[in-house]
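Listed below, chain by chain, are the residues.
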Amino acid sequence: MTQPLTTPDGRYIVVRGRLWRRSDPSLTPEARQALVDELMSARRAVHAAMRAHDAAALRQARARVDAAKVGLGERGPVWWSDGAPDVNRRMARDTCYADWYARAARA
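Just so it is clear, the structure is predicted and the values come from calculations on it, not from any experiment.

1. Notes on the nonpolar core
Then step 1. Within the largest apolar cluster, nine residues are counted, these being Leu39, Ala42, Val46, Ala49, Leu58, Ala61, Val65, Ala68 and Leu72.
Then step 2. Counting residues per element, the ones that place at least two in this core are α1 (29–52) and α2 (55–72).
Then step 3. Looking at which element gives the most residues to this core, the answer is α2, with five residues.
Then step 4. Counting residues in hydrophobic clusters, the runner-up holds eight residues, among them Leu19, Val87, Ala92 and Tyr97.

In structure tokens:
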């Protein structure tokens, strides 16, 4: 599997032209792994709740997914401190990364 394109500042990966915020690089490997483990468990719980048509369990599982993603720094407050805006989930071509992405996509 090829690695996704990463913005020069390391804040985002690009998947099908869309920016997705990366995990906070200041997390210790142990903390990051614990959060990733919880995220994967929560995602399995989402699928199980959907299969069971259990709305309450689905809400709880989705809340767990969100909490893990916030803990990883992929959602919620940004983990950088230079005041740059968050452009998570936006198309790279419509952001401050547009010129870089156009060059990188051609390479």
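So much for the structure itself; the text now carries on.
2. Some remarks on the sheet that holds strand β1 (residues 5–6)
Then step 1. Across the sheet, three strands lie side by side as β1-β2-β3; this open sheet has antiparallel pairing. Each end of this open sheet is capped by a strand with a single partner; those strands are β1 and β3 (18–21).
Then step 2. Strand direction decides the pairing type here: strand β2 (residues 12–15) and β3, joined by four bridges, are antiparallel. Looking across to β3, one finds that Val15 is bridged to Arg18.

3. Considerations on the packing of α1 against α2
Then step 1. Running from amino to carboxyl end, α1 crosses α2 at an angle of 160°, the nearest separation of the two axes being 8 Å. Between α1 and α2, the angle is such that the two are roughly antiparallel. The handedness of the crossing between α1 and α2 comes out as left-handed. On α2, the residues that touch Arg32, Leu35, Val36, Glu38, Leu39, Ser41, Ala42, Arg43, Ala45, Val46, Ala49 and Met50 of α1 are Ala57, Leu58, Ala61, Arg62, Arg64, Val65, Ala68, Lys69, Gly71 and Leu72.
Then step 2. Of the residues contributing to the contact of α1 with α2, the split by class is 14 nonpolar, two polar and six charged.

4. Some points on α1
Along an α-helix, residues three or four apart share an orientation, since each turn contains 3.6 residues.
Then step 1. An ideal rise of 1.5 Å per residue puts 34 Å on 24 residues; α1 measures up with 34 Å between its terminal C-alpha atoms.
Then step 2. Buried within α1 are the following residues: Leu39, Ala42, Val46 and Ala49.
Then step 3. His53 occupies a position one or two residues after α1 and carries a positive phi of about 55°.

5. Looking at the pattern of salt bridges
One side chain can pair with another of opposite charge once the charged atoms of both are near each other.
Then step 1. For the structure on display, the rule yields six salt bridges.
Then step 2. One salt bridge in this structure joins Arg21 and Asp86, with 2.6 Å as the shortest N-O distance. Taken together, the residues Arg21 in strand β3 and Asp86 in the loop between α2 and α3 (98–106) connect sequence positions 65 residues apart.
Then step 3. A salt bridge links Arg64 to Glu38; the shortest N-O distance between them is 2.8 Å. Of this pair, Arg64 sits in helix α2 while Glu38 sits in helix α1, and the two are 26 residues apart along the sequence.
Then step 4. On the basis of relative accessibility, which here comes to 30%, the residue Arg64 falls in the partly exposed class.
Then step 5. Using a relative accessible area of 30% as the deciding quantity, one classes Glu38 as partly exposed.
Then step 6. Several salt bridges share partner residues, and in doing so they unite Asp9, Arg11 and Asp82 into one network.

What counts, and where the lines are drawn
Residues numbered from 1 in each chain as written. Predicted model: local features only at pLDDT ≥ 70, side-chain atom pairs only at ≥ 80, totals over all residues. Heavy atoms only, no water. Core = buried A, V, L, I, M, F, W, Y, C linked by side-chain atoms within 4.5 Å. Buried < 20%, exposed > 50% of the residue type's maximum accessible area, 1.4 Å probe, protein only. Helix = DSSP H or I, 4+ residues; strand = E, 2+ residues; numbered from the N terminus. Pairing = 2+ DSSP bridges. Axes fitted to C-alpha atoms, helices over the stretch in contact; angles between N-to-C directions. Parallel < 35°, antiparallel > 145°, perpendicular 65-115°, else oblique. Left-handed = near helix turned anticlockwise from the far one by under 90°. Contact = heavy atoms within 4.5 Å. Nonpolar A, V, L, I, M, F, W, Y, C, P; charged D, E, K, R; others polar. Expected span 1.5 Å × (residues − 1). Salt bridge = Lys/Arg side-chain N within 4 Å of Asp/Glu carboxyl O.

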